[in-house]
Structures are given as C-alpha cells and as structure tokens.
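Observations on the three-dimensional arrangement
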2 protein chains.
Amino acid sequence: MTGIRKKPRQQRSRATWDAILEAAAQLFGERGYTGTTTNKVAERAGVSIGSLYQYFPNKEALLLALSEQHMEHSGTVLHAVFERLEREHPGLEETVARLVDTTVELHRHNPNMHRLLFEQTPRSPALMARFQRLESLMAAAVGAQLRRLGIAGPRPEARALLLVQSLEAQIHGAVLSPPGGIDTDTLVTEIKALCVASLAS
Amino acid sequence: MTGIRKKPRQQRSRATWDAILEAAAQLFGERGYTGTTTNKVAERAGVSIGSLYQYFPNKEALLLALSEQHMEHSGTVLHAVFERLEREHPGLEETVARLVDTTVELHRHNPNMHRLLFEQTPRSPALMARFQRLESLMAAAVGAQLRRLGIAGPRPEARALLLVQSLEAQIHGAVLSPPGGIDTDTLVTEIKALCVASLAS
DNA sequence: CTGAAATGTGAGATTTACTCGTGTTTGCGT
DNA sequence: ACGCAAACACGAGTAAATCTCACATTTCAG
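The rules we used
Residues numbered from 1 in each chain as written. Chains lettered and ligands numbered in written order. Predicted model: local features only at pLDDT ≥ 70, side-chain atom pairs only at ≥ 80, totals over all residues. Heavy atoms only, no water. Helix = DSSP H or I, 4+ residues; strand = E, 2+ residues; numbered from the N terminus. Buried < 20%, exposed > 50% of the residue type's maximum accessible area, 1.4 Å probe, protein only. Least-squares fit on C-alpha atoms with pLDDT ≥ 70 in both. Contact = heavy atoms within 4.5 Å. Expected span 1.5 Å × (residues − 1). UniProt positions renumbered as here; feature names shortened; annotations may be inferred. Phe/Tyr/Trp six-rings, centres within 6.5 Å; stacked < 30°, edge-to-face > 60°. Lys NZ or Arg CZ within 6 Å of the ring centre and 35° of its normal. Buried area = accessible area lost by both parts, 1.4 Å probe. Salt bridge = Lys/Arg side-chain N within 4 Å of Asp/Glu carboxyl O. Nonpolar A, V, L, I, M, F, W, Y, C, P; charged D, E, K, R; others polar.

The name an unreviewed UniProt entry gives chain A is TetR family transcriptional regulator, with Alloalcanivorax balearicus MACL04 as the organism.

A short note on the overall build of chain A
Secondary structure summary: chain A contains nine helices and zero strands in total. If you list the helices and strands of chain A from N to C, you get α-α-α-α-α-α-α-α-α. For the C-alpha atoms alone, the extent of chain A along its principal axes is close to 60 × 40 × 25 Å. Each of the 201 residues in chain A was classed as buried or not, and the buried ones make up 50%.

Details of the relation of the copies chain A and chain B
With an RMSD of 0.3 Å, chain A superimposes on chain B once it is rotated by 179 degrees and translated 0.0 Å along the axis. In symmetry terms, the pair is related by a two-fold rotation axis. Using C-alpha coordinates, one finds that chain A approaches the rotation axis most closely at A:Ser198, a distance of 1.8 Å.

Comments concerning the environment of B:Leu162
Mapped onto the fold, B:Leu162 is located in helix H8 (residues 156-176). Taking the relative accessible area as the measure of exposure, B:Leu162 reaches 1% and is therefore buried. For B:Leu162, the residues in contact, after removing those within four places along its chain, are A:Gln170, A:Leu187, A:Glu190, A:Ile191 and A:Leu194.

Focus: helix H7 (residues 125-149) of chain A
Residues and elements named next belong to chain A. A rise of 1.5 Å per residue sets the reference length of H7, with its 25 residues, at 36 Å; its end C-alpha atoms lie 36 Å apart and thus fit the reference within 8%. Restricting attention to buried positions, one finds in H7 the residues Leu127, Met128, Phe131, Glu135, Met138, Ala139, Ala141, Val142, Gly143, Gln145 and Leu146. Looking at the residues trailing H7, positive phi occurs at glycine 150, about 70 degrees.

Examining the UniProt feature "domain: HTH tetR-type" (unreviewed entry) in chain A
Here, the residues flagged by UniProt with the feature "domain: HTH tetR-type" (unreviewed entry) are residues 14-74 of chain A. Summarising residues 14-74 of chain A: 80% helix, 0% strand, and an end-to-end C-alpha distance of 23 Å.

Description of helix H4 (residues 59-88) of chain B
Helix length check: H4(B), at 30 residues, gives a terminal C-alpha distance of 44 Å against a target of 44 Å (1.5 Å per residue), a fit within 8%. Immediately downstream of H4(B), the backbone of B:His89 shows phi near 50 degrees, a positive value.

Quick notes on the packing of aromatic side chains
Applying the stated rule across the entire model yields six aromatic pairs over all chains. Note that A:Lys59 overlies the ring of A:Tyr33, its terminal NZ or CZ placed 4.6 Å from the centroid.

What about the interface of chain A and chain B?
The interface is formed by 31 residues belonging to chain A together with 31 residues belonging to chain B. Interface area, chain A with chain B, both sides summed: about 2600 Å², of which 68% is carbon and sulfur. In terms of surface lost to chain B, no three residues of chain A exceed A:Leu162, A:Glu190 and A:Leu194, which account for 22% of the buried area on that side. At the boundary of chain A and chain B, one finds two salt bridges. For the salt bridge of B:Arg159 with A:Glu190, the shortest nitrogen-to-oxygen distance reads 2.9 Å. Sorting the residues of the side of chain A that touches chain B by element identifies H7, helix H8 (156-176) and helix H9 (184-199) of chain A as the ones contributing at least two each. Ranked by residue count, the leading element in the side of chain A that touches chain B is H8(A), at eleven residues. By residue class, the composition of the side of chain A that touches chain B is 15 nonpolar, ten polar and six charged.

This is the structure in structure tokens:
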C-alpha cells in the first residue's frame, strides 16, 4: 500500500527504477495523474509493466516516490535558509523576506510537480502524512526564529504552525493560480507586509 | 464532462436523483473517492447503474453535484453573516471573530464532506473553478469590510484575497487535522489574534 | 563454471467506468 | 377510459485500466 515494494540491489535495477520515475514525472506533468496509465509509464521508461510493479505496488506509489524526492529537495533548501538565519540573525522584516522569497522560488522552480502534488492528486493518507511531517518541521524551525526575535507570544508552537499554513496557502495561490487583475509580485509584497504586521506587536 | 445530464421532471425521478446523491455522499465519506465505485453507489441508492448514468454523466459529476450543494450552503451562511456586518458595523475584533467562528462552524458541521472536497479528491478544473469562484466572492465581501473599517491599504483586493486564503488554510488545518499537542480552540483563538494584529496598523 | 538470487517479461485475470437496446411508468389529449 | 408519446428505469455487456503470476534472463559469489 505504501511506498516501495523492493529496493534495488544492483545498478541495473537502479537504472530501471530511475527510468520508471523519470517517465512517471514526465507523463504526470503532460497528461495529469488520472490521465496517465501505468502501462504508458512502463512503455516510456522502456521496461515491461511487470518490472514497474516489481518496484511500485500501485500507481499511487509512483506519486509517493515523486513527492518524496520533491519534499526532500524543499526540505534541504529551507534547512539551508534556516541555518543562515541562525548565523546572521537578521531582523523580522529580513527574516520574513528570505523565507517568503525562497518559498516562492521553490514554487516557481517546478510548478508542474507542485500542481501535481497539491491539486491534481487524490491526497491519500500516506501523502497527507508526508506533507504534515514537512509542515511540522517547518513550524518547529519558524518557532525557533520567533523565539530568537522575541515575538513568540504565549503559544509559540501554535503561532508558528499558523504562520506556516498561512504562507504556504498564500504563496501557492499567488504563484500557481495568479488571480485576475493582480500580478504575482504585488501579491508577494503584500504577503510579506501582512506577515510582518501580524508579528510586529 | 460537467454537471448534470438530465434534469428530473417528475417526482419519481427527483427521488432517485436524491437517493443517488445521498448514497454517493455516504460512500465517499466511508471509503473515499477512489475507493467507491459507481456500481456500489447505484446499489446503495437502490437504483440500477443505468439510472445513475442517466443523471450523472460520470463519477466526477457526483462529486461536482455534492460540491455544488456544499458550496451553496456555505455561501448562504456567509452571505447572512456579511449582511449582518453591514447592518451592525462592529469593530475589527468583533468582525474577525464572527467570520472566523462561522467558518469554523462550517468546517465542523460536516467534516467528512469538507475532507472529501479538499483532500481526498483529484481536483479537476471544474472543481477548481467552483472553488475559486467562491473564494473570489468571499474576497470581495472581505474587501468591503476592510474599506468600511478603513484598513483596506493600498491594494484592497490583494489584501482581501490573501486574508481569505490564509483563514481558509488555518481553519481547515485547525478543525480537520488537529495537530499533536495543540487543541482546536487554542488555535482558533490564535488565528483571530494573528488576523487582527496583521490589520491593526 | 555453476547454482542461486536478483531482475525482467508480457499474456491475461480482474476490476471499473460507462453504453445501449429494451422494458416500464406517467401524464395528457381525446 | 383509452392510447400514445415522453420520461424513467433497467442490467447485461464493452472497453480500458490496474495489477498478478508463472516463467525467462542476467548477475555474481564461491
């Protein structure tokens, strides 16, 4: 049901594993999740359908593996930003700006994958669990920044979690569903302003 | 592709129409969207599979019809709240409190339907369009409140839209995915506080 | 070289969304 | 009351997709 059926032990199988995921990423991006069939994924990857099911127990497992890669990347990038914040101790405005800007970049970098994971996909419990885990990590890091800036308030964890959820939703909307009449940059500026205002007691 | 294939003209057919949607709501709630089959929906509704497809051109149409009902209800409730705000002109804090509380109630009222529409479902273009339309209406109404309170800022539409997205995400998370260690009421209180702070210039 | 484990194969079993030809009920003009 | 056209209901059957399984091929340690 979840994740991977068998881990590759030889390079040969690692290659087919990669080929399958690469083909899945391409086809999901081109035709959407429901629009791609496992047979077509196997075909484009140049392997038999049997090989696909040797490594991924079902279609959703392909999506989960892709989400794993994507979230790992996002986690790494954000981790670097938080480390730099710990080193340089910038003020509130600069801190918010850096976090918002990198999150915007993460959304801009591969919009298809983002749309795939957060819009076109039936969010299974497994996928939701992965997402919430990343959200928790982010909230913890944001909470640390709030404490550093002395604006953690009476409930640091709650405040941090809400900020993470808010920014995620706002940035996702601003980058991926640019609404009529307002351009993305305007929205990003306003996002930063609102966030700073809500914290500057 | 979209919506309804044939509108009922006799009471008899109206009854089967209702039975089908009721069965769909139950099964979607119990087994999720991908976990329920149209055949099972027809079976539980006590009608033949042919009858189902007489009224709903495909599986997704069931979901769309359900979302229609749900959003119509939400729209009505929120419309009433905004009308009352126009009449009574409460201050910022009270305005935010009323909007947050009713949104929380809407989420609490039928969590399964909410989860269904916003988590378990592949968000088709049709569904996304409906959702964004509701979001736009909300943003317009919130914008009017901001102007009334004299806190619209330089870009009222942008600010209103961001507030709507933020509140939706935060409340959705607080009510439907109560995170470990923090209870819903604490989160709701903090949501109001953050929202008011971000607007009290 | 050899055998066992790992990897690869693809026909087909199973499931599911959806169609279509046919039968039944309802409303209505006469 | 009668008949008839339109609305409604039916369910076996079709096409297409997911996933299995019995067997073939490759790799590699000893």
